[in-house]
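Fold and geometry: a report
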Amino acid sequence: MGRPATAKKDRLINAAMRRYHHDGVAASSIAAVARDANVPTGNVYYYFRSKDSLTKAVIDRWCDRVRASLAAHEAHSDPLDRIRSYVASAGDRRQAYTDHGCPLAALGMDLRSAPSAIGRQSGRPLALIRAWLATQFAENDRASAASHADFAMASLQGSFALAHAAGDPVIVAHNVTHLLDWIDSLSAPI
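Now for a look at the structure at hand. (Residues numbered from 1 in each chain as written. Predicted model: local features only at pLDDT ≥ 70, side-chain atom pairs only at ≥ 80, totals over all residues. Heavy atoms only, no water.)

1. A short note on the overall build of the protein
Condition: What counts as a helix is a DSSP run of H or I of at least four residues, what counts as a strand is a run of E of at least two, and both are numbered from the N terminus. Only protein chains enter the accessibility calculation, which uses a 1.4 Å probe; a residue is then buried when its area is under 20% of its type maximum, exposed when over 50%, and partly exposed in between. Any two residues whose heavy atoms approach within 4.5 Å at even a single point are treated as in contact. Areas reported as accessible are Shrake-Rupley estimates using a 1.4 Å probe. Residue values count occlusion only from the protein chains shown. Positive charges are assigned to Lys and Arg, negative charges to Asp and Glu, while His and the chain termini are left out of the count. To locate a charge, take NZ of a lysine, CZ of an arginine, CG of an aspartate or CD of a glutamate.
Scanning the protein for helices and strands turns up 11 helices and 0 strands. Shown N-terminal to C-terminal, the secondary structure of the protein runs as helices and strands in the order α-α-α-α-α-α-α-α-α-α-α. For the protein, the spread of C-alpha atoms along the principal axes amounts to about 65 × 35 × 35 Å. Residues counted as buried form 43% of the 190 residues belonging to the protein. A separation threshold of at least 6 residues defines the contact pool for the protein, and within that pool the share at least 24 residues apart is 67%. As displayed, the protein offers around 10,100 Å² of accessible surface, 56% of which is attributable to carbon and sulfur atoms. The averaged location of the 18 negative side-chain charges in the protein is 12 Å from the averaged location of its 22 positive side-chain charges.

2. Some points on the packing of aromatic side chains
Two aromatic rings, taken as a pair, are described by how far apart their centres are and by the angle between their planes. For clarity, the threshold we go by: To pair, rings of Phe, Tyr and Trp, with the six-membered ring standing in for Trp, must have centres within 6.5 Å; the planes then decide the type, stacked if under 30 degrees apart, edge-to-face if over 60, and tilted in the middle. Look at NZ for Lys and CZ for Arg. If either is within 6 Å of the ring centre and within 35 degrees of the ring normal, a charge sits over the ring.
Counted according to the given criterion, the structure contains 5 aromatic pairs. On the numbers, 5.9 Å between centres and 55 degrees between planes, the contact of Tyr86 with Trp132 is tilted. On the criterion of sequence distance, the pair formed by Tyr86 in helix α5 (residues 79–92) and Trp132 in helix α9 (residues 124–140) is long-range, its members being 46 residues apart. Trp132 shares its class with Tyr86; the two are buried. Taken together, a centroid distance of 5.6 Å and an interplanar angle of 55 degrees make the contact between Phe137 and Trp182 tilted. Remark: Trp182 occurs in helix α11 (residues 170–187) and Phe137 occurs in helix α9; sequence separation between them is 45 residues. Among the residues examined, Phe137 registers a relative accessible area of 1% and is labelled buried. Residue Trp182 is classed as buried on the basis of its relative accessible area of 19%. Of the aromatic side chains, those joined through ring pairs into one cluster are Phe137, Phe151 and Trp182. The lysine or arginine in question, Arg65, covers the ring of Trp62, its NZ or CZ lying 5.5 Å from the ring centre.

3. Things to note about the pattern of salt bridges
Stated formally: What counts as a salt bridge is simple: a side-chain nitrogen of Lys or Arg found within 4 Å of a carboxyl oxygen of Asp or Glu.
Counting across every chain of the model gives 12 salt bridges. Note that Glu74 is salt-bridged to Arg82, the shortest N-O span being 3.7 Å. With a relative accessible area of 37%, Glu74 lands in the partly exposed category. It is possible to trace a salt-bridge network through shared partners that takes in Asp78, Asp81, Arg84 and Asp184.

4. Comments concerning the nonpolar core
Rule in force here: What is meant by a nonpolar core is a set of buried Ala, Val, Leu, Ile, Met, Phe, Trp, Tyr and Cys residues, joined one to another through side-chain atoms within 4.5 Å.
Core analysis: the largest hydrophobic core is formed by 53 residues, its most contacted members being Ile129, Leu133 and Phe137. Per-element accounting of this core gives the leading share, 8 residues, to helix α4 (residues 51–73). The contact partners of Ile129, leaving out residues within four places of it in the chain, are Val66, Leu70, Tyr86, Leu104 and Met153.

5. Considerations on the environment of Ser50
Following the sequence through the fold, Ser50 ends up in the loop between α3 (41–47) and α4. In this structure Ser50 comes out as partly exposed when scored by relative accessible area, which is 30%. Residues Ser50 and Asn140, spaced 90 residues apart in sequence, show a C-alpha to C-alpha distance of 45 Å.

Structural data, given as structure tokens:
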């Protein structure tokens, strides 16, 4: 079991992740994050010097989660099977994407124009996924790996945005089916 200080810090990061996703970074005050984490507001500054340092911790936590999620797909020996597994897992979360949108895209867009150094880090979680997809596609077709990764990312992110806007998880489900068919076509003999 972790030390109490570590537990408080984790609660603050997790509360900030949720609050940032639902309200946006700018609209999420330190006081609201502290309240959600059940930590006195003044104690937040013991763990984080500023809102930017809390936000960096949120980005780091999302990166850790992305790495862990991608590692779960590494159990497949075939790179296209790894991609299929990743795409299918996105389909499994279609209701969450419909209800709340993609937290990684929301964070990236919310922080992109931030004047501090934190804005330059905003896209790190999505960049990890894009790089992982490119690596997987490269094992099948090095020349097209980057464009295939971009297509897969754009297709998934677009379906998450459309499903969220329309309130319809079927959009994600249909897109996942089309992506899986496309991935199957990449491995089909010519």
